[in-house]
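# What the coordinates show
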Amino acid sequence: MEPVTTINVVDHQTEQSNNTPTIMHLDDEQSNKDICPCDNHENESSIHLTNDDELIIRLDNLLLDNELDSNIYFHSYQSEKQMSSIMSLISSTLSEPYSIYTYRYFIHNWPDLCFLCSNLETNDLIGAIISKLDLHKNSLRRGYIAMLAIKQEYRRKKIASTLVLMSIREMIKRGCDEIVLEAEVTNHAALNLYENLGFLREKRLYRYYLNGVDAYRLKLWLK
């Protein structure tokens, strides 16, 4: 099956004031219906959670339940030495290249929100998620999933959903109120992945991408 690509450009109305670089986002993993850390009801416009500790436990259980390949392992970003591997993975997966300054903006400011997946035998990087967490409108602590990339031969192995869960868990530990991202309206695999993790479609952004395709803004309300 051909990989599904989502081009994810930062919302200029909400992010440009923070000098956030333009970024891209890719995910083509087919998500599972039973992966959902929050009670997501079809007619609800938001998800309200009051007990962060309870939610973290539920996320931990989901991570434990994910049956993953024994030849892979997950780890956090450690040093600048990993930067070239991260850039190589994302540039080979996404359709447009980005300078090292874009990666450094996210990873140097939020290194604990960069999670990686590698091959146990070769240590080759096979997956990465890059996120950030900062104040939105001087009140909400908003998380933002910026980049998600998985090597093509390792897709559909729950690596993407595991990386997203790890990122959500860390954001909750840091007092996050909500998490947002954008996805193409035609990228059904990415939409399914995030919606099955509790994200809801907040609004449609018309002609949001350079190719003229609309986007959905997805949001996970945590409080």
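None of the values given here were measured: they were computed from a predicted structure.

## Details of the pattern of salt bridges
All told, the structure shown has 13 salt bridges when counted by the stated rule. Of the charged contacts in the structure, one is a salt bridge between Arg174 and Glu170, with a shortest N-O distance of 3.1 Å. Since its relative accessible area comes to 34%, Arg174 is described here as partly exposed. The exposure class of Glu170 is buried, given its relative accessible area of 15%. Linking Glu202 and Lys219 is a salt bridge whose minimum nitrogen-to-oxygen distance equals 2.9 Å. Here Glu202 is found in strand 8 (residues 200-205), whereas its partner Lys219 is found in strand 9 (residues 215-221), with 17 residues between them in sequence. We classify Glu202 as partly exposed; its relative accessible area is 33%. Relative accessible area serves as the criterion here: at 5%, Lys219 is assigned to the buried category. Via salt bridges that share partners, Asp112, Glu170, Lys173 and Arg174 belong to a single interconnected network.

## What about helix 4 (residues 100-109)?
Of all the residues in helix 4, the buried ones are Thr102, Tyr103, Tyr105, Phe106 and Ile107. End-on view of helix 4: buried residues confined to an arc of 165 degrees, all on one side of the axis. Packing partners of the buried residues in helix 4 comprise helix 3 (83-93), strand 4 (114-119), strand 5 (125-136) and strand 6 (140-150).

## Brief notes about the packing of aromatic side chains
Think of a pair of aromatic rings as described by two things: how far the centres are apart, and how the planes are tilted against each other in angle. Scanning the entire structure with this criterion turns up 4 aromatic pairs. Judged by centre distance (5.5 Å) and plane angle (70 degrees), the rings of Tyr105 and Trp110 are edge-to-face. What makes Trp110 buried here is its relative accessible area of 16%. Between Tyr194 and Phe199, the ring centres sit 5.5 Å apart and the planes meet at 80 degrees, which makes this aromatic pair edge-to-face. Accessibility classification places Tyr194 together with Phe199 in one group, the buried group. Taken together, the ring pairs in this structure connect Tyr105, Phe106 and Trp110 into an aromatic cluster. The lysine or arginine in question, Arg201, covers the ring of Tyr216, its NZ or CZ lying 4.5 Å from the ring centre.

## A few points about unusual backbone geometry
Unlike most non-glycine residues, Asn123 shows phi in positive territory, near 65 degrees. In this fold, Asn123 is placed in the loop between strand 4 and strand 5. The phi dihedral of Arg207 falls on the positive side, at around 50 degrees, and the residue is not glycine. Within the secondary structure layout, Arg207 lies in the loop between strand 8 and strand 9.

## Examining the packing of helix 2 (residues 52-65) against helix 5 (residues 159-173)
Across the interface, helix 2 lies against helix 5 with an axial gap of 10 Å and an inter-helix angle of 160 degrees. In terms of orientation, helix 2 lies roughly antiparallel with respect to helix 5. Judged by the twist between their axes, the crossing of helix 2 over helix 5 is left-handed. Where helix 2 abuts helix 5, its residues Asp52, Leu55, Ile56, Leu59, Asp60, Leu62 and Leu63 lie against Thr162, Leu165, Met166, Ile168, Arg169, Ile172 and Lys173. Of the residues that constitute the contact of helix 2 with helix 5, the class distribution is 9 nonpolar, 1 polar and 4 charged.

## As for the confidence of the model for the protein
Parts of the model with low pLDDT should not have their predicted coordinates read in detail. Within the protein, residue pLDDT values average 78, and 75% of them lie at 70 or more. When the elements of the protein are averaged for pLDDT, strand 1 (residues 5-6) gives the smallest value, 34, and strand 4 the largest, 96.

## Some details on the nonpolar core
Counting 60 residues, the largest nonpolar core has Ile86, Tyr103 and Phe199 as the members making the most contacts within it. No other element matches the 9 residues that helix 5 contributes to this core. The contacts of Tyr103, once residues within four sequence positions are left out, are Met83, Ile86, Met87, Ile90, Ser91, Tyr98, His108, Ile130 and Met147.

## Quick look at the sheet that holds strand 4
What links the strands of a sheet is backbone hydrogen bonding, and the strands pair in either a parallel or an antiparallel sense. Across the sheet, 7 strands lie side by side as 3-4-5-6-7-9-8; this open sheet has mixed pairing. One side of each edge strand has no neighbouring strand; the edge strands of this open sheet are strand 3 (72-76) and strand 8. Ignoring strand direction, the axes of neighbouring strands in this sheet form an average angle of 25 degrees. The pairing of strand 3 with strand 4 spans 5 bridges and is classified as antiparallel. Across the sheet, residue Phe74 finds its bridge partner in strand 4, namely Cys117.

Definitions and limits used
Residues numbered from 1 in each chain as written. Predicted model: local features only at pLDDT ≥ 70, side-chain atom pairs only at ≥ 80, totals over all residues. Heavy atoms only, no water. Salt bridge = Lys/Arg side-chain N within 4 Å of Asp/Glu carboxyl O. Buried < 20%, exposed > 50% of the residue type's maximum accessible area, 1.4 Å probe, protein only. Helix = DSSP H or I, 4+ residues; strand = E, 2+ residues; numbered from the N terminus. Arc of directions from axis to C-beta. Contact = heavy atoms within 4.5 Å. Phe/Tyr/Trp six-rings, centres within 6.5 Å; stacked < 30°, edge-to-face > 60°. Lys NZ or Arg CZ within 6 Å of the ring centre and 35° of its normal. Axes fitted to C-alpha atoms, helices over the stretch in contact; angles between N-to-C directions. Parallel < 35°, antiparallel > 145°, perpendicular 65-115°, else oblique. Left-handed = near helix turned anticlockwise from the far one by under 90°. Nonpolar A, V, L, I, M, F, W, Y, C, P; charged D, E, K, R; others polar. pLDDT = per-residue confidence, 0-100. Core = buried A, V, L, I, M, F, W, Y, C linked by side-chain atoms within 4.5 Å. Pairing = 2+ DSSP bridges.

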